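# Topology and contacts: notes
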Amino acid sequence: MIPYGRQSIDASDIAAVEKVLASNYLTSGPAVTDFEEGVADYVGAKFAVSFTSATAALHAACAVIDLTATDTVVTSPLSFIASANCARYVGAQPGLADIDPHTYNINLDLVSIDARAVIPVHYAGLPVELSNFSREGRWVIEDASHALGARSTTEKVGALTHSDMCVFSFHPVKPITTGEGGMVTTNSAELAEKLRLLRSHGIVRDPDPNTWLYNAETLGYNYRLTDIQAALGLSQLHRLDSFISQRNEIAERYRELLADLPVTLPPAAPSGALHGYHLFAIHVAERARVFRELRQAGIGVQVHYVPVHHHGISTDIELPPGGLPNCEQVYEGLISIPIHPGLSRKDQDTVVREIRKTVVK
Ligand SMILES: Cc1ncc(COP(=O)(O)O)c(C=O)c1O
């Protein structure tokens, strides 16, 4: 099976992990600090706080802005369920605003002024253009699980000029991996401090080395990344730009090779922006048949995503009057085809050949 996404691990990644295994620290130690500083430098943020996953990071980001049960947190319906669950974790109300069919990203004009927070998702690695969004008191937490290394027309994703926090995922199919892992960037020292507390049991230690005292000041969790994971992450970060260029080359080649077929190609990045191409999601007629035939031909297609409001858990979401027609229409034919840095030209040709066979009958 040619997978839709896959990590790229080389000898330098393995050497970085081996070095930690032979060191004194396995859980959070100097490698975690180095990785956090590396990501903060890379995106141009003041602070970066690592977590065990983007899901944990989204939970923490919602927890540190003190949402209450009457607060609504609006995200994109075309996303993984974690983008909405983070509101539920803190007892707030998840909400949805329809997508823009030209970007597959949330249409920020549709986010209610009453929302307390908005979680724009950079779907597939195409950055949401936040610079025109008038926040009017609303918190903005970017779900950039797909978009480390991508750039909007104004800045790198994670630089936070138009948001409070930005969350990344390091799951193996994501732009870089730590096995499992996540990170929040923020320019607020106060939010960074709260995030660090929440990540480790809410505990503050007495700085005096001659005392054992520590105090759990607030409710916290164990959401700590390990040094083993962080060493892998930092090593991967050094290769991130090359991963993004490879993904862009593969995407451009798909655009050429699929141009004459009856498929809709994914939204491209506007001039001046850089797409992360975490996903390459085409739109086809008869999606169920095409999906089945491609799987049977050894092409590891996937669908991103079953919309948030289609899930059983989402009966708690009040949909906008008129529903979410753009999301429904885009979801209807969506199929993610393989894209990842190690995808060979030969495998890409096989993917295109099999798509041709199934869409031209
Ligand atoms: C948009 C989005 N948000 C959040 C997550 C959760 O990431 P993690 O697996 O690191 O918890 C994912 C994972 O697929 C995702 O795609």
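Residues numbered from 1 in each chain as written. Predicted model: local features only at pLDDT ≥ 70, side-chain atom pairs only at ≥ 80, totals over all residues.

On to the overall build of the protein. Secondary structure assignment for the protein yields 10 helices and 13 strands. Over its C-alpha atoms the protein spans a radius of gyration of 21 Å, differing by no more than 12% from the 21 Å that the globule rule assigns to 361 residues. Each principal axis of the C-alpha distribution contributes one length, and for the protein these read about 75 × 50 × 35 Å. Looking at the protein as a whole, 49% of its 361 residues qualify as buried. For the protein, contacts bridging at least 24 residues in sequence account for 68% of all contacts bridging at least 6. (Helix = DSSP H or I, 4+ residues; strand = E, 2+ residues; numbered from the N terminus. Rg over C-alpha atoms; globule rule 2.2 N^0.38 Å. Buried ≥ 20, exposed ≤ 12 C-beta atoms within 10 Å, placed from the backbone. Contact = placed C-beta atoms within 7 Å.)

All right, on to helix 5 (residues 189-199) then. Burial of helix 5 is extensive: 8 of the 11 residues sit out of reach of the surface. Inspection of helix 5 places L191, A192, K194, L195, R196, L197, L198 and R199 among the buried residues, and these make up the whole buried set. In the core, the buried residues of helix 5 are packed alongside strand 2 (47-51), helix 3 (54-63), strand 7 (165-169) and strand 8 (182-186). Taken from the residues just after helix 5, H201 is the one with a positive phi, measuring 65 degrees.

Let's shift gears to the sheet that holds strand 7. Spatial ordering of the open sheet is given by 2-8-7-6-5-3-4, a layout of 7 strands whose pairing is mixed. Among the strands making up the open sheet, the edge pair consists of strand 2 and strand 4 (93-96). Each strand of the sheet is rotated relative to its neighbour by a mean of 20 degrees, with strand direction disregarded. The strands touched by helix 4 (residues 82-89) within the sheet are strand 3 (72-75), strand 4, strand 5 (117-119) and strand 6 (139-143), with strand 4 carrying the most contacts at an inclination of about 150 degrees. (Pairing = 2+ DSSP bridges. Axes fitted to C-alpha atoms, helices over the stretch in contact; angles between N-to-C directions.)

Let's shift gears to the site of the ligand. In the vicinity of the ligand lie 14 residues, with S53, A54, T55, S145 and S169 positioned nearest. Elements with a minimum of two residues in the shell around the ligand: helix 3 and helix 4. (Near = placed C-beta within 6 Å.)

Turning next to the packing of helix 2 (residues 30-43) against helix 6 (residues 227-237). Running from amino to carboxyl end, helix 2 crosses helix 6 at an angle of 30 degrees, the nearest separation of the two axes being 8 Å. If you check the angle between helix 2 and helix 6, you find them roughly parallel. In the crossing of helix 2 with helix 6, the sense of the turn from one axis to the other is left-handed. The segment helix 2 lies against helix 6, with A31, V32, D34, F35, G38, V39 and Y42 engaging D227, A230, A231, G233, L234 and L237. (Parallel < 35°, antiparallel > 145°, perpendicular 65-115°, else oblique. Left-handed = near helix turned anticlockwise from the far one by under 90°.)

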